[in-house]
Amino acid sequence: MDISKNQLLLKRAINVKAIVTPRWREEAQQQLQAQINQLDSQLQQLEMQGQRMIAELKKQTIQPPGPEVMQQIESIQVQVNEQKSKLLDQKNQSLQQLQQIQNMELEQEVNQGQIESVFAVEQGDNLIRKMQVEILLRDGVIEEIRGEI
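Predicted model, so just to flag it, every value in this text is computed and none were measured.

1. Some words on the overall build of the protein
Moving on, step 1. In terms of regular secondary structure, the protein is built from 3 helices and 4 strands.
Moving on, step 2. Mapped from its N terminus to its C terminus, the protein presents α and β elements in the order β-α-α-β-α-β-β.
Moving on, step 3. Expected size for 149 residues packed as a compact globule is a radius of gyration near 15 Å; at 26 Å, the protein overshoots this value by more than 25%.
Moving on, step 4. For the protein, the spread of C-alpha atoms along the three principal axes comes to 85 × 40 × 20 Å.
Moving on, step 5. When burial is assessed residue by residue, the protein has 26% of its 149 residues classed as buried.
Moving on, step 6. The long-range fraction of contacts in the protein, counting pairs at least 24 apart against all pairs at least 6 apart in sequence, stands at 77%.
Moving on, step 7. Averaging the positions of the 16 positive and the 21 negative side-chain charges in the protein gives two centres separated by 3 Å.

2. Some words on the layout of surface pockets
Moving on, step 1. Reported here for the largest pocket is a volume of approximately 270 Å³.
Moving on, step 2. Looking at the largest pocket, it is lined by 15 residues, and the ones nearest its centre are Trp24, Ala28, Gln31, Ile101 and Gln112.
Moving on, step 3. Contributing elements (two or more residues each) for the lining of the largest pocket: helix H1 (22-60) and helix H2 (67-103).

3. Things to note about the side chain of serine 117
Moving on, step 1. For serine 117, the position within the fold is in strand S2 (residues 109-122).
Moving on, step 2. If sequence neighbours within four positions are ignored, serine 117 has contacts with Leu10, Lys11, Arg12 and Ile14.

4. Focus on unusual backbone geometry
Moving on, step 1. Unlike most non-glycine residues, glutamate 107 shows phi in positive territory, near 75°.
Moving on, step 2. Locating glutamate 107 in the fold gives a position in the loop between H2 and S2.
Moving on, step 3. Phi at aspartate 139 takes a positive value of approximately 50°, unusual for a residue other than glycine.
Moving on, step 4. Its place among the elements puts aspartate 139 in the loop between strand S3 (134-138) and strand S4 (141-146).

5. Describing the environment of glutamine 83
Moving on, step 1. Relative to the assigned elements, glutamine 83 resides in helix H2.
Moving on, step 2. For the pair formed by glutamine 83 and asparagine 37, sequence separation is 46 residues and the distance between their alpha carbons is 17 Å.

6. Some points on the packing of aromatic side chains
Moving on, step 1. Going through the model one piece at a time under the given rule, you end up with 0 aromatic pairs.
Moving on, step 2. Across from the ring centre of phenylalanine 119, 4.2 Å away, lies the NZ or CZ of arginine 12, which sits over that ring.

7. Some words on the pattern of salt bridges
Moving on, step 1. Under the definition given, this model contains 13 salt bridges.
Moving on, step 2. Here lysine 11 makes a salt bridge to glutamate 116, at a shortest N to O gap of 3.6 Å. Taken as a pair, lysine 11 in strand S1 (residues 7-19) and glutamate 116 in strand S2 lie far apart in primary sequence, 105 residues in all. Neither lysine 11 nor glutamate 116 differs from the other in exposure class; each is exposed.
Moving on, step 3. Residues participating in the shared-partner salt-bridge network are Lys17, Glu109, Glu134, Glu144 and Arg146.

Rules of the game
- Residues numbered from 1 in each chain as written.
- Predicted model: local features only at pLDDT ≥ 70, side-chain atom pairs only at ≥ 80, totals over all residues.
- Heavy atoms only, no water.
- Helix = DSSP H or I, 4+ residues; strand = E, 2+ residues; numbered from the N terminus.
- Rg over C-alpha atoms; globule rule 2.2 N^0.38 Å.
- Buried < 20%, exposed > 50% of the residue type's maximum accessible area, 1.4 Å probe, protein only.
- Contact = heavy atoms within 4.5 Å.
- Lys, Arg positive; Asp, Glu negative; His and termini not counted.
- Charge placed at Lys NZ, Arg CZ, Asp CG, Glu CD.
- 1 Å grid on protein atoms, 1.4 Å probe; cavity = no way out; pocket = protein on both sides within 12 Å on 5 of 7 lines; lining within 4 Å.
- Points joined across faces, edges and corners; volume = space filled by probe spheres on them.
- Phe/Tyr/Trp six-rings, centres within 6.5 Å; stacked < 30°, edge-to-face > 60°.
- Lys NZ or Arg CZ within 6 Å of the ring centre and 35° of its normal.
- Salt bridge = Lys/Arg side-chain N within 4 Å of Asp/Glu carboxyl O.

This is the structure:
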């Protein structure tokens, strides 16, 4: 980018939007399903780790376990349940997003996020218009650049 002495380089956030197509919908659903599967796997691992820790504690103590050991077991259960609750919340969010994607109409525009861009300004430019740029994608290909580049 050639910059003259009377220009200034600035950064801006560019909104990226995508057009809902059958391919976009399929890819989004696959990503969400992969997240859901990963969360299910983490939930199983968490449950097994909690059971293993409790079994190990019980094995190392006299029978019946004393109040101190029972307190440790309860503490492990509380931690496991808290972590399970967080993972289940994430899973529910992913399931809701999956349902939203299934209900989206084809050709609808949806936000995909933002990227940063560097641009040149000079005296007399309309900064507000130069800051309002967005990119529209169709199946990953730029279909339109909106705003003042």
